[in-house]
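# Per-entry structural report
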Number of protein chains: 2
Amino acid sequence: MSLHPMCGVFVLLSICLISFTTPCYGGNILVFPVDGSHWINMKVLVEELHARGHNITVVRSSNSWYIAEKSPLYTSFTVCRTDDHFFSNHFLQMEREGASALTFLKLTKDFISMVSEGHFLWCEAISEIFDDPNRVKSLIDAQYDLVLTDPAVSAGVVLAKYLKLPLVLNVRWIPSGEGHFAVAPSPLSYIPVPGSGLTDKMDFMQRIKNLFFHSIIVLQQKFVVGPHYNALCDKYIEGGCDVFSLLQEADIWLFRSDFVFDFPRPTMPNIVYIGGFQCKPAQPLPADLEQFVQSAGEHGVIIMTLGTLVNALPAEVAEEIASVFAKMPQKVIWRHKGERPSTLGNNTLIVDWMPQKDLLGHPQTKVFVAHGGTNGVQEAIYHGVPVLGIPLFFDQYDNLLRLQERGAGKIILLADVNSQTFEQALKEVLHQESYRQNIERLSRLHRDQPIAPMDRAVFWVEYVMRHKGAPHLCTEAYKMPWYSYYCVDVMVFLLSAAAVLLLSTLAIFRFLCCSRKRKTKDKQH
Amino acid sequence: MSLHPMCGVFVLLSICLISFTTPCYGGNILVFPVDGSHWINMKVLVEELHARGHNITVVRSSNSWYIAEKSPLYTSFTVCRTDDHFFSNHFLQMEREGASALTFLKLTKDFISMVSEGHFLWCEAISEIFDDPNRVKSLIDAQYDLVLTDPAVSAGVVLAKYLKLPLVLNVRWIPSGEGHFAVAPSPLSYIPVPGSGLTDKMDFMQRIKNLFFHSIIVLQQKFVVGPHYNALCDKYIEGGCDVFSLLQEADIWLFRSDFVFDFPRPTMPNIVYIGGFQCKPAQPLPADLEQFVQSAGEHGVIIMTLGTLVNALPAEVAEEIASVFAKMPQKVIWRHKGERPSTLGNNTLIVDWMPQKDLLGHPQTKVFVAHGGTNGVQEAIYHGVPVLGIPLFFDQYDNLLRLQERGAGKIILLADVNSQTFEQALKEVLHQESYRQNIERLSRLHRDQPIAPMDRAVFWVEYVMRHKGAPHLCTEAYKMPWYSYYCVDVMVFLLSAAAVLLLSTLAIFRFLCCSRKRKTKDKQH
């Protein structure tokens, strides 16, 4: 087979991009994002929709970390929200302490109360809108075409129901775990539950573990998160509603994943995979950074960042890591906010912020030391850079596990990090050729799509506008009671029928036998 | 929202088409098609792949109905195959006789033996290739990149395994029924089994019926069809194999359906929907036909065809239909091969063959009277023409039911056709505006896709070439024993553990109670 690399998929992709970036519709979109790293994703989509000529309103909280009140991209709709203690660095210290059962229980308890508080405060904030006739009127008068929301916080889902608008989700997580679990059949035998640290190949004990983690999530939804939203539904939605059902009825799920990144699993017709939609070809680096990167020569560069939530690594960890970096022939760019480690080498540049995408796309970059947030992992795949992962919390271990399973990355737990283990792991990812080969294979697969993920995302948002929803892509399954869905009623009926048939046959048989015996007896007498 | 109809999706579609029709790869593809209407589909794809510069070899039987030995599109690879009695018109007569239980049983029996014979003869034909070292060598020497096959006859699937080649399916049916059932979870509570005549909204009794039809299909696979292929596997594939597993391992399923046509259901990452991929904009009609069509004036035209398998409708049915057509103010074009009905009107043109696509795309066409083959139904959706369906066999009733459920078509059973019922049904579809509105809505939805179905099909065939398969899109599920897949082992373990725990607690409790009682007794004594 002769291959012409310049034609085929890349030509197609670029042509599709041209046609997609022509603004065509002037729709009105109400965006309800989640703050933090989730906003980074949503903002990329907002930028693209804005470029396509849509008018966008973004609901933000008065104490937002990242979502600016004023922006050329959108009009903001600010809601008053009490400060929560959404994230505190004590999680990090606990991770460092290691994996004792006590730590795990404490982590789980703290995590659950943190989650509960976050959802409760958002439900409270939304109540305030619903209680203010002027604000409600302004939302209705704006004549939005749809609500676009990240359902990790599901208040936007209730808002869409309240305003009777089509609903598009920009999603990976829902309050009760991974999004798929709400809509697609998810056999626990080969679909690992988030947080379980399992892959799609599970032995008997691992399947028991998976079931255990699934139970935690179900209970969390039922008793911790669900009640906040259901109270909101009961108060403001006519006839009441269940937030889980509202999620299931969403028109389109723009799912921030794909099957180069995640394990294959059953899916649904209204799930559109947009994993890596935020990835773009690298732009040139600022001159000073380019000079630093080039000064590494043939050894190349290592980059390290632990995401947006981490203010500072525990000091002793930072010291250990710095001492390893100091020994390497590579140059290192490290996004680090804590105290300057005393063991820092001359080859290491500490920065407050780095142009991560552009560095990942730079041919000099050899390894990415990362916490394993979805964005970073997707960018590493897109640019084909092997990852040494130090997972901290949430889905980070699971994300990195997906790379490790494909031989494209390696995980080292924060509890295990010391100069020896870190050096060994770093050198392994740097020098073992298979890591680069595997991540480059993933990169090729990820880039080989009939249309780019961002174009797919924009297409389906506009599709929902054009057709005022997409109910024809939602199954009937969600409307059935569980015993009908699982055919329990049919099974009970058939088993009962079989039992009645069997017993009747036995009874008739016995009756016939007895009467014959009686006759024989009578004759004998 | 302001809408500019000339931009967006249509611009995109046409641009994608341009980029896709540029020949880019010179791959070698071994095609194993199924004859009859299935070949019509496969041929369209073969044409497109040929236009893209691929070399194609088509396996055909020596007694093929449609697949020519010589073609500018492909090299043929002819295998000797005994004549079967694959189809006989007695099915049609039985359909006409109506839906008695006896007819149903006779139909099912005849159908099953016909199916068994068809598969057996193909397995025999493939054996002959495997037994001939020269033919095997020629297949190996050709260095094919992949096998493209329609697994309704699964001999091509075994051939791919034998040649150790990646496998792409152009599929709707597998020997054991609808393709999805082999790979995606298919809850019987909302997924109607083919032949059941059910929709995705089932009541209790309908779910029992669905389970019954499912059982028939499972038994048919296990005892009628499966054994032929498994014998082939055991003889020629090292270590043996099961044809069902081979299907599950296919790299890509190009699925001839979509969710405008079919009810939404769970699906898998390697299933690519190409429903309607054969549809193209209408070409101008031949001058005489165009003149006939225009002569209908404002009343428009009715077109009727009952597919490729039907030589002749029962004469009395043809008479009844012709008498109704004669009364209509419309002009009628009727593809009819039987005796010329005596009641035929001047407005009715009987033809041996018609340019169906071009007629369906003609603005004068008002109603399509059809048997409900997948191709015809997809074309009716594409061109937005309401359908009056007379289903005859196979999936035709189910196909038409999908239109009827959306209010875009009406079914009349062959057993019920007489001049009165046919006239009433025809007038309803002609004059009730909702039929046209609904089929036009389906047409809009079908045409609104990020890339055209044919481009998607070609993309994924070439994808499999570029990456030498797509195993990363196949789940682990297929490798598990059923008791692990359904977590039966985990459940049995957990229930046993719970039982042991309960019994031990009871035993301890009883022991403690007894010993206390004994003590009290002792004291009393």
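In the annotation of an unreviewed UniProt entry, the entry for chain A reads UDP-glucuronosyltransferase, and the organism field reads Echeneis naucrates. The annotation that UniProt attaches to chain A under Subcellular location (unreviewed entry) is "Membrane".

Okay, the overall build of chain A next. Each helix and strand counted, chain A has 19 helices and 15 strands in total. Projected onto its principal axes, the C-alpha positions of chain A cover 115 × 60 × 60 Å. A sequence separation of at least 24 residues applies to 65% of the contacts in chain A between residues at least 6 apart. Summed over all atoms, the accessible surface of chain A reaches about 22,800 Å², with 59% contributed by carbon and sulfur. Between the mean site of the 47 positive side-chain charges and the mean site of the 51 negative ones, chain A shows a separation of 10 Å.

With that settled, the discussion passes to the packing of helix α6 (residues 155-163) of chain B against helix α8 (residues 204-236) of chain B. Residue and element names in this part refer to chain B. Interaxial distance between α6 and α8 falls to 10 Å at its minimum, and their mutual angle equals 15 degrees. As judged from the angle between their axes, α6 and α8 are roughly parallel. Crossing angle aside, the handedness with which α6 passes α8 is right-handed. Counted together, A155, V158 and Y162 of α6 and Y229, L232, C233 and Y236 of α8 form the full contact between these two elements. The residue makeup of the contact of α6 with α8, split by class, is 7 nonpolar, no polar and no charged.

Attention now goes to the packing of aromatic side chains. One pair of aromatic rings is described through two measures. These are the centre distance and the angle between the planes. In this structure the tally under the stated criterion is 36 aromatic pairs over all chains. Ring geometry for F459 of chain A against W460 of chain A: centres 5.2 Å apart, planes inclined by 85 degrees, an arrangement best described as edge-to-face. Overall, the relative accessible area of 2% leaves F459 of chain A in the buried class. Taking relative accessible area as the criterion, W460 of chain A reaches 15% and is therefore assigned buried. Look at F255 of chain B and Y273 of chain B: their rings are 5.9 Å apart centre to centre, the planes differ by 55 degrees, and that puts the pair in the tilted class. Here F255 of chain B is found in strand β8 (residues 252-255), whereas its partner Y273 of chain B is found in strand β9 (residues 271-273), with 18 residues between them in sequence. Its relative accessible area of 0% is what places F255 of chain B among the buried residues. Look at Y273 of chain B and you get buried, because its relative accessible area is 13%. By the ring-pair criterion, three or more aromatic residues cluster together here, those being F130, Y162 and Y236 of chain A. Sitting over the ring of F181 of chain A, R265 of chain A keeps its end group 5.7 Å from the ring centre.

Residue and element names in this part refer to chain A. This model, assessed by the stated rule, comprises 2 disulfides over all chains. C233 shares a disulfide with C241; S-S distance 2.4 Å. In this structure the cystine formed by C233 and C241 twists about its S-S bond by roughly -75 degrees; its chirality is therefore left-handed. Judged by its relative accessible area of 16%, C241 is buried.

A contiguous nonpolar patch, built from W482, Y483, Y486, V488 and V492 of chain A and spanning about 560 Å² of accessible area, is present on the exposed surface. Elements supplying a minimum of two residues to the nonpolar patch: α18 (482-485) and α19 (488-524) of chain A.

Turning to the pairing of strand β13 (residues 365-370) of chain B, a few remarks are in order. All names here are of chain B. Across the 6 residues that make up β13, a large majority, 5, are buried. Relative to β13, strand β10 (residues 301-305) runs parallel, the two being bridged by 5 bridges. Its bridge partner lying in β13, V301 is registered against T365. As defined by bridge partners, β13 adjoins strand β14 (residues 387-389) across 3 bridges and the pair is classed as parallel. Residue F368 lies in a different strand from β14, and its bridge partner there is V387. Between the parallel pair β13 and β14, the chain is carried across by helix α13 (residues 374-383), and the sense of this crossover is right-handed.

Glancing now at the domain arrangement of chain A. Taken as a whole, chain A is organised into domain 1 (9-277 + 452-479), domain 2 (287-447) and domain 3 (485-513). When each unit is reduced to the centre of its C-alpha atoms, the spacing between domain 2 of chain A and domain 3 of chain A is 65 Å.

This part covers the confidence of the model for chain A. Across chain A, the average pLDDT comes to 89, with 90% of residues at 70 or higher. Note that pLDDT drops below 50 for residues 1-23 of chain A; the model gives that stretch 57 contacts with residues more than four away or on any other chain.

Moving on: the pattern of salt bridges. Residues and elements named next belong to chain B. Within this structure, the stated rule accounts for 32 salt bridges over all chains. Between E423 and K327 there is a salt bridge, and its shortest N-O distance comes to 2.6 Å. Of the two residues, E423 is situated in helix α15 (residues 419-431) and K327 in helix α11 (residues 315-327); the sequence distance between them amounts to 96 residues. Look at E423 and you get buried, because its relative accessible area is 17%.

All names here are of chain A. Across the sheet, which stays open at both edges, the 6 strands sit in the order β12-β11-β10-β13-β14-β15 with parallel pairing between neighbours. Every other strand in the sheet has two partners, leaving β12 (348-351) and β15 (409-411) as the edge strands with one partner each. The sheet shows a mean angle of 15 degrees between the axes of neighbouring strands, direction not considered.

A few words on empty space enclosed by the protein. Applying the stated criterion to the full structure yields 9 cavities of 30 Å³ or more. By volume, the largest cavity amounts to about 1,000 Å³. Around the largest cavity sit 39 residues that line it, and I271, Y273 and R456 of chain A together with I271 and R456 of chain B are the ones nearest its centre. Partitioning the lining of the largest cavity into residue classes produces 26 nonpolar, 7 polar and 6 charged.

This part covers helix α8 (residues 204-236) of chain A. All names here are of chain A. Given a rise of 1.5 Å per residue, 33 residues ought to cover 48 Å, and the 46 Å separating the end C-alpha atoms of α8 matches this to within 8%. Helix geometry: α8 is bent most strongly at G226, by close to 60 degrees, with proline P227 lying one to four residues after it. The distance from a side-chain oxygen at the start of α8 to the backbone nitrogen of M205 is 3.3 Å, and the residue carrying that oxygen is D203.

Attention now goes to the pairing of strand β5 (residues 167-171) of chain B. Residue and element names in this part refer to chain B. Counted residue by residue, β5 has 5 buried out of 5 residues, so it is predominantly covered. Neither face of β5 is open: one carries L167, L169 and V171, the other V168 and N170, and all of them are buried. Of the pairings in the sheet, the one linking strand β4 (residues 146-149) to β5 comprises 3 bridges and is parallel in character. Of the residues in β5, the one forming a bridge with V147 is L167. The parallel pair β4 and β5, bridged by α6, forms a crossover whose chirality is right-handed. For β5 and β8, the ladder comprises 4 bridges, and the chain directions are parallel. Bridge assignment links V168 to a residue of β8, and that residue is I252.

Next up on the list: the side chain of R207 of chain A. Secondary-structure assignment places R207 of chain A in helix α8. Side-chain polar atoms of R207 of chain A contact the side chain of S484 of chain B, separated by 3.5 Å. If near-sequence neighbours (up to four positions away) are discounted, R207 of chain A is found in contact with L188, S189 and M202 of chain A together with M480, S484, C487, D489 and V490 of chain B.

Peptide bonds are, in most cases, trans, and in most cases residues other than glycine have a negative phi. Phi at F394 of chain A takes a positive value of approximately 55 degrees, unusual for a residue other than glycine. By secondary structure assignment, the location of F394 of chain A is in the loop between β14 (387-389) and α14 (396-405). Here K468 of chain B, not a glycine, exhibits a phi torsion of approximately 55 degrees, which is positive. Mapping K468 of chain B onto the fold places it in the loop between α17 (453-467) and α18 (482-485). By relative accessible area, K468 of chain B is classed as exposed at 67%.

Residue and element names in this part refer to chain B. Pairing is parallel across the open sheet formed by 6 strands, whose spatial order is β12-β11-β10-β13-β14-β15. The open sheet has two free edges, formed respectively by β12 (348-351) and β15 (409-411), since each of these has just one partner strand. Sheet twist, expressed as the average angle between the axes of neighbouring strands with direction ignored, equals 15 degrees. In terms of strand pairing, strand β11 (residues 331-335) meets β12 through 4 bridges, oriented parallel. The partner of I333 across the bridge, within β12, is L349.

Here the focus is the packing of helix α4 (residues 101-130) of chain A against helix α6 (residues 155-162) of chain A. Residues and elements named next belong to chain A. In the contact formed by α4 and α6, the axes pass within 10 Å of each other and the chain directions differ by 25 degrees. Considering the angle they form, α4 stands roughly parallel to α6. Once α4 is placed against α6, the crossing between them reads as right-handed. Here W122, I126 and F130 of α4 lie close against α6, whose contacting residues are A155, V158, L159 and Y162. For the contact of α4 with α6, the per-class residue count stands at 7 nonpolar, no polar and no charged.

Quick notes on the rules
Residues numbered from 1 in each chain as written. Chains lettered and ligands numbered in written order. Predicted model: local features only at pLDDT ≥ 70, side-chain atom pairs only at ≥ 80, totals over all residues. Heavy atoms only, no water. UniProt positions renumbered as here; feature names shortened; annotations may be inferred. Helix = DSSP H or I, 4+ residues; strand = E, 2+ residues; numbered from the N terminus. Contact = heavy atoms within 4.5 Å. Areas by Shrake-Rupley, 256 points an atom, 1.4 Å probe, with all protein chains shown as cover. Lys, Arg positive; Asp, Glu negative; His and termini not counted. Charge placed at Lys NZ, Arg CZ, Asp CG, Glu CD. Axes fitted to C-alpha atoms, helices over the stretch in contact; angles between N-to-C directions. Parallel < 35°, antiparallel > 145°, perpendicular 65-115°, else oblique. Left-handed = near helix turned anticlockwise from the far one by under 90°. Nonpolar A, V, L, I, M, F, W, Y, C, P; charged D, E, K, R; others polar. Phe/Tyr/Trp six-rings, centres within 6.5 Å; stacked < 30°, edge-to-face > 60°. Buried < 20%, exposed > 50% of the residue type's maximum accessible area, 1.4 Å probe, protein only. Lys NZ or Arg CZ within 6 Å of the ring centre and 35° of its normal. Disulfide = S-S within 2.5 Å. Patch = residues over 30% accessible without salt bridge, like charges linked within 9 Å, V, L, I, M, F, W, Y side chains within 5 Å. Salt bridge = Lys/Arg side-chain N within 4 Å of Asp/Glu carboxyl O. Pairing = 2+ DSSP bridges. Right-handed = clockwise from strand over helix to strand, strands pointing away. Domains from an automatic or database assignment. pLDDT = per-residue confidence, 0-100. 1 Å grid on protein atoms, 1.4 Å probe; cavity = no way out; pocket = protein on both sides within 12 Å on 5 of 7 lines; lining within 4 Å. Points joined across faces, edges and corners; volume = space filled by probe spheres on them. Expected span 1.5 Å × (residues − 1). Bend = angle between axes of the 7 residues up to and from the residue. Polar contact = N/O pair within 3.5 Å; in protein donor to acceptor, adjacent residues only side chain to side chain.

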